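Single-letter residue listing:
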Amino acid sequence: MLITNRPKQGAGLSRREIVKLAGLASFFPGFASAQAQPQADLPPGAWTSKTADLGRIQLHYVEQGQGPLVLLCHGFPESWYSWRHQIPAIAAAGYRVVAPDLRGYGRTGGPQQVDAYAIRELTSDLTGLLDVLQEKQCVLVGHDFGAVLTWNAALLAPQRFHALATLSVPYNQRGSTPPVAGLRRAVGGRFNYIVYFQQAGVAEAELNPNISAFLRAFYYSASAEGVAELTRRVAHTNPAGLMDTLIDPKRPPTWMSPREFDFYVAEFTRNGLTGPLNWYRNLDVNWSQMEQFAGATIVQPTLFIAGAEDPVLRSTRANFDRLASTVPKLAKTVLIPNCGHWVQQEQPETVNRELIAFLKTVHA
């Protein structure tokens, strides 16, 4: 989906941007503070719920463990809870694990304005969170749009993110065409969910009235158990909206319990989908903001994990095939059999094993 490392000659950030992105915000009153939150409404676990005051936004996160910091970034439509299997496992391996509700999601929430979700704002949330946590660096882990954020944050603030683990979305060097324009040209008049998400209010009108059905169908359709049926549906329908392209199994997917599913439904019912969808509405803005990184490579040690049946990986296969050249310090690539897009939830034991092994090499 997006971008990556070495800036062009003469390109640089302004002093204000450096202050914002390099984590100097802790010098400002009221910026670096965190407060513990009640646990009663969270799923059970040894984690602690807190809120970081970043000045411009109150960022909710869950924390467990002690040691080097590992920061987990979820995707769409997820929350900190998508890392429920990883948080205790990584903490038990000797790490401080922090999983935020990213801007627009869960207990963080966020503004309705589209431009509040551009990539530099999202990266500033991460560097601001590091300041609150009083950490200079961390290993950054991202899934789905959290992987896109991870790739870009590694370019914008490389001194704060010294190693990366990305799930499901391979690195995409900045191209010469704005992403949405390229997608429109590629799909012609056919339905594409990213193009569909672009016009504010359209997807919300379809999906917000029945969050439960949307999440159930979206999770199932991109998982290993639903992807074959999804392919048949897309090939034989003329969709008017997103739900026409999805398979609703009328139950949560087998890798998610009814109780876990109900938590997601409650989180998205609280805020609606505008904030999360605004991430997609900034794809072309992000492309413009990352102009100085055209042709850049990712210089940090990196692990890439994906499900072998992931429809997103199939559509980004060219980027996956280029990882050895675009990510020179790629430590390992893992394709998990019988696994779709929701890799850390569908196959948590394999993901935990690979993540912990990678972390040990980073901190050897």
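Quick look at the structure, then. (Residues numbered from 1 in each chain as written. Predicted model: local features only at pLDDT ≥ 70, side-chain atom pairs only at ≥ 80, totals over all residues. Heavy atoms only, no water.)

### Quick notes on the pairing of strand 5 (residues 96-100)
Strand residues, when the strand is regular, have side chains that alternate between the two faces of the sheet. Counting buried residues in strand 5 gives five out of five residues, a clear majority hidden from the surface. Burial along strand 5 is two-sided: the residues Arg-96, Val-98 and Pro-100 and Val-97 and Ala-99 are all buried. As paired elements, strand 3 (residues 58-64) and strand 5 share four bridges and run antiparallel to each other. Paired with Val-62 across the two strands is Ala-99, which belongs to strand 5. Relative to strand 5, strand 4 (residues 69-73) runs parallel, the two sharing three bridges. The residue bridging Leu-71 from the neighbouring strand is Val-98, located in strand 5. Following the chain from strand 4 across helix 2 (residues 86-92) to the adjacent parallel strand 5, one finds a crossover that is right-handed. (Buried < 20%, exposed > 50% of the residue type's maximum accessible area, 1.4 Å probe, protein only. Helix = DSSP H or I, 4+ residues; strand = E, 2+ residues; numbered from the N terminus. Pairing = 2+ DSSP bridges. Right-handed = clockwise from strand over helix to strand, strands pointing away.)

### Let's talk about the packing of helix 8 (residues 211-221) against helix 10 (residues 258-271)
Contact pair helix 8 / helix 10: the axes reach a minimum separation of 9 Å and the direction vectors enclose 125°. Classed by the angle they form, the pair helix 8 and helix 10 counts as oblique. Remark: the crossing between helix 8 and helix 10 carries right-handed chirality. Touching Ile-211, Ser-212, Leu-215, Arg-216 and Tyr-219 of helix 8 are Phe-261, Tyr-264, Val-265, Phe-268 and Thr-269, all from helix 10. Looking at the contact of helix 8 with helix 10 residue by residue, the classes come out as seven nonpolar, two polar and one charged. (Axes fitted to C-alpha atoms, helices over the stretch in contact; angles between N-to-C directions. Parallel < 35°, antiparallel > 145°, perpendicular 65-115°, else oblique. Left-handed = near helix turned anticlockwise from the far one by under 90°. Contact = heavy atoms within 4.5 Å. Nonpolar A, V, L, I, M, F, W, Y, C, P; charged D, E, K, R; others polar.)

As far as function goes, none of this settles anything; it's purely spatial.
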